[in-house]
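Single-letter residue listing:
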Amino acid sequence: MKTKSIYFVTGNKGKFVEAKKKLSEVGLEVIQKNLGYPEIQAIKLEDVALYGAEHIQKQTSHPFILEDAGLFIDGLNGFPGVYSAYVYHTIGCKGILKLMEKLKGDMREAVFRSVFAFGASDEKPSLFVGECKGSISIEEHGEHGFGYDPIFIPQGETRTFAQMETEEKNRFSHRSRALDKLIVFFKNL
Ligand code: IMP
């Protein structure tokens, strides 16, 4: 792997901690850069990540990654999806639980999706997608993590992401699965 150090363009400390832990295991140094980029309103996470990456490419020649993620809830027809950040900052986990008060069983199933964009020099950014299936809890549980972690239970588990340490969340998470693909890509560079 030629790339030894990479910027993670994000203002989200939680995302950074998870990516740093994962990528350090393969000898990649990750540096958090809060450069800021326009997050366009699009119907696909891929488009948001790609637009952001093309913007960052104009600001730095250093290899970088950035991520757009979202929580898609079956019983809410995929909501909040691409609106996940806005919904988190407005109604939060409590608001989502309230919207779902009457939803049971399958209707509580959900998927977290993560799209990483990797950019370097002038090449078109590459995208890496990861998913984690699970369900939405009835109440908030746990103190770890960030965002919707207190209400998301990954498939095969009984605890929410917020009840797990970073290392354990990384065994399941959408972010970790997208980063697995990025690691394979780096190995082949
Ligand atoms: P972003 O646009 O990628 O920053 O994420 C959209 C929203 O989803 C934000 O409110 C995040 O807090 C939330 N989010 C993204 N990834 C995770 C995660 O791994 N756990 C919990 N919430 C997340």
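First things first, this report covers the structure right here in the doc. (Residues numbered from 1 in each chain as written. Predicted model: local features only at pLDDT ≥ 70, side-chain atom pairs only at ≥ 80, totals over all residues. Heavy atoms only, no water.)

## Comments concerning the layout of surface pockets
Estimated volume of the largest pocket: approximately 690 Å³. As for the largest pocket, its lining consists of 35 residues, of which Asn 12, Lys 15, Glu 39, Ala 69 and Ala 85 are closest to the centre. Top contributing element to the lining of the largest pocket by residue count: helix 3 (residues 84–90), with five residues. A per-class count over the lining of the largest pocket returns 16 nonpolar, twelve polar and seven charged. (1 Å grid on protein atoms, 1.4 Å probe; cavity = no way out; pocket = protein on both sides within 12 Å on 5 of 7 lines; lining within 4 Å. Points joined across faces, edges and corners; volume = space filled by probe spheres on them. Helix = DSSP H or I, 4+ residues; strand = E, 2+ residues; numbered from the N terminus. Nonpolar A, V, L, I, M, F, W, Y, C, P; charged D, E, K, R; others polar.)

## With respect to the site of the ligand
The ligand sits among 16 residues. The nearest are Lys 15, Ala 69, Asp 149, Lys 169 and Arg 175. Taking Asp 68, its side chain carries an N or O atom lying 3.2 Å from an oxygen atom of the ligand. Within the contact set of the ligand, a nitrogen atom lies 2.8 Å away from a side-chain nitrogen or oxygen of Arg 175. Against a free-state accessible area of 480 Å², the protein chains account for coverage of 92% of the ligand. Elements with a minimum of two residues in the shell around the ligand: strand 3 (64–73), helix 3 and helix 6 (174–187). Its residues assigned to classes, the shell around the ligand shows six nonpolar, three polar and seven charged. (Near = heavy atom within 4 Å. Polar contact = N/O pair within 3.5 Å; in protein donor to acceptor, adjacent residues only side chain to side chain. Areas by Shrake-Rupley, 256 points an atom, 1.4 Å probe, with all protein chains shown as cover.)

## Structural notes on the nonpolar core
Formed by 19 residues in total, the largest nonpolar core has its most connected members in Leu 71, Ile 73, Ile 136, Tyr 148 and Phe 152. Contributing elements (two or more residues each) for this core: strand 3, helix 4 (92–99), strand 4 (109–119) and strand 5 (126–136). Considering each element in turn, this core owes the most residues, three residues, to helix 4. Those residues in contact with Tyr 148, other than ones at most four positions away along the chain, are Leu 71, Pro 80, Ser 84, Val 87, Tyr 88, Cys 93, Ile 96 and Phe 112. (Core = buried A, V, L, I, M, F, W, Y, C linked by side-chain atoms within 4.5 Å. Buried < 20%, exposed > 50% of the residue type's maximum accessible area, 1.4 Å probe, protein only. Contact = heavy atoms within 4.5 Å.)

## Observations regarding the pairing of strand 1 (residues 5–9)
Most of strand 1 is tucked away: five of the five residues are buried. Residue alternation in strand 1 divides its side chains into two sets, Ser 5, Tyr 7 and Val 9 and Ile 6 and Phe 8, and both sets are buried. Here five bridges tie strand 1 to strand 2 (residues 29–33), and the two strands are oriented parallel to one another. Looking at strand 2, one finds that Phe 8 is bridged to Gln 32. Regarding topology, helix 1 (residues 13–24) serves as the crossover connection from strand 1 to the parallel strand 2, and that connection is right-handed. Sheet analysis places strand 1 next to strand 3, joined by two bridges and oriented parallel. (Pairing = 2+ DSSP bridges. Right-handed = clockwise from strand over helix to strand, strands pointing away.)

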